[in-house]
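# Structural description and commentary
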Amino acid sequence: MNTHSCIVAEVVWNDIESTRSVTDGQLSILHFLFGKNFERATRIVDQRGVKRISGEPSGRSIFQVVGESRRKEEYFCFAENYCGCYSFFFDIVSRGEQLCCKHQLAARLAASLGACIDVKVSDKELALLLSKL
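Everything in this summary refers to the structure shown in the same document. Predicted model only: the values in this text are computed from it and were never measured. (Residues numbered from 1 in each chain as written. Predicted model: local features only at pLDDT ≥ 70, side-chain atom pairs only at ≥ 80, totals over all residues. Heavy atoms only, no water.)

What follows deals with the packing of helix α2 (residues 24-34) against helix α3 (residues 36-46). Packed helices, taken two at a time, are described by the angle between their axes plus the distance between the axes. Two elements in contact, α2 and α3, have axes whose closest approach is 6 Å; the angle formed by their N-to-C orientations is 125°. The angle between the axes of α2 and α3 places the two elements in the oblique class. Across from Leu27, Leu30, His31 and Phe34 in α2, the residues of α3 making contact are Lys36, Asn37, Phe38 and Glu39. (Axes fitted to C-alpha atoms, helices over the stretch in contact; angles between N-to-C directions. Helix = DSSP H or I, 4+ residues; strand = E, 2+ residues; numbered from the N terminus. Parallel < 35°, antiparallel > 145°, perpendicular 65-115°, else oblique. Contact = heavy atoms within 4.5 Å.)

With that settled, consider the nonpolar core. Counting residues in each nonpolar core, the largest one holds 31 residues, and the members touching the most others are Trp13, Phe34, Val50, Phe63 and Val65. Listed by contribution, the elements that provide at least two residues to this core are α1 (3-19), α2, α3, β2 (61-66), β3 (74-78), α4 (86-94) and α5 (102-113). In terms of residues, this core owes the most to one element, α5, which gives six residues. (Core = buried A, V, L, I, M, F, W, Y, C linked by side-chain atoms within 4.5 Å. Buried < 20%, exposed > 50% of the residue type's maximum accessible area, 1.4 Å probe, protein only.)

Quick look at the pattern of salt bridges now. All told, the structure shown has three salt bridges when counted by the stated rule. Close ionic contact of Glu80 with Arg108 constitutes a salt bridge, the shortest N to O distance being 3.8 Å. Remark: Arg108 occurs in helix α5 and Glu80 occurs in the loop between β3 and β4 (82-83); sequence separation between them is 28 residues. Among the charged side chains, a network of salt bridges with common partners joins Glu10, Glu80 and Arg108. (Salt bridge = Lys/Arg side-chain N within 4 Å of Asp/Glu carboxyl O.)

Attention shifts here to unusual backbone geometry. Looking along the chain, the bond that leaves Glu56 and enters Pro57 is cis, with omega of 15°. With respect to the helices and strands, Pro57 occurs in the loop between β1 (50-56) and β2. Even without being a glycine, Arg20 presents a positive backbone phi close to 60°. Positive phi is not limited to glycine here, since Arg48 has a value of about 55°.

The tally for this structure, following the rule as stated, stands at five aromatic pairs. An angle of 65° between the planes, with centres 5.8 Å apart, marks the rings of Tyr82 and Phe88 as edge-to-face. Given the relative accessible area of 22%, Tyr82 is considered partly exposed. Under the relative-accessibility criterion, Phe88 is labelled buried at 7%. An aromatic cluster is present here, built from Phe78, Tyr82, Phe88 and Phe89 joined pairwise through their rings. (Phe/Tyr/Trp six-rings, centres within 6.5 Å; stacked < 30°, edge-to-face > 60°.)

Along the polypeptide, Asp91 turns up in helix α4. Taking the C-alpha atoms as reference points, Asp91 and Val22, separated by 69 residues in sequence, lie 27 Å from one another. With residues near it in sequence (within four places) discarded, Asp91 still touches Gly96, Glu97 and Gln98.

Nothing here speaks to function; it is all geometry.
Quick look at the structure:
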C-alpha cells in the first residue's frame, strides 16, 4: 500500500471515529484498500470478537481479537503496528504484501465504532500479560 492509500485510510478511520458510525461509502473505501482482510474484520466485529484490555490507572491498552478458525484462537494486537497471528509475520513482516492483518483491522474498526468489549485490569496485570507476548 502506498503513502497516498495510507493517508486515505487514516482520514476514513478518523471520520468513523468522530461519528462512531460507518457509512456505505466508507466501507467501500476500506474494502478497496484492504480487500478480503477487511471483509473478515467486519465479521469479527459483528460477532463481538474484539476486547480492549486496559490497565488502570495508566489507561494503556492492547486488543484481544478472536480468530475465525473453529478453534476460536485469540490474538493480542496493537491496531497500528503488531499482531501475534501467523498472517502478520508471514504476509506483513516477511513478504510485505499487506499493511495489516484482519485482527488489526477488526481492532481498529471496533475501537472507531466504540464496539469493543472493554476489560479493565491493573497495570501490573497488563504488564504481566504483555511480558508473555
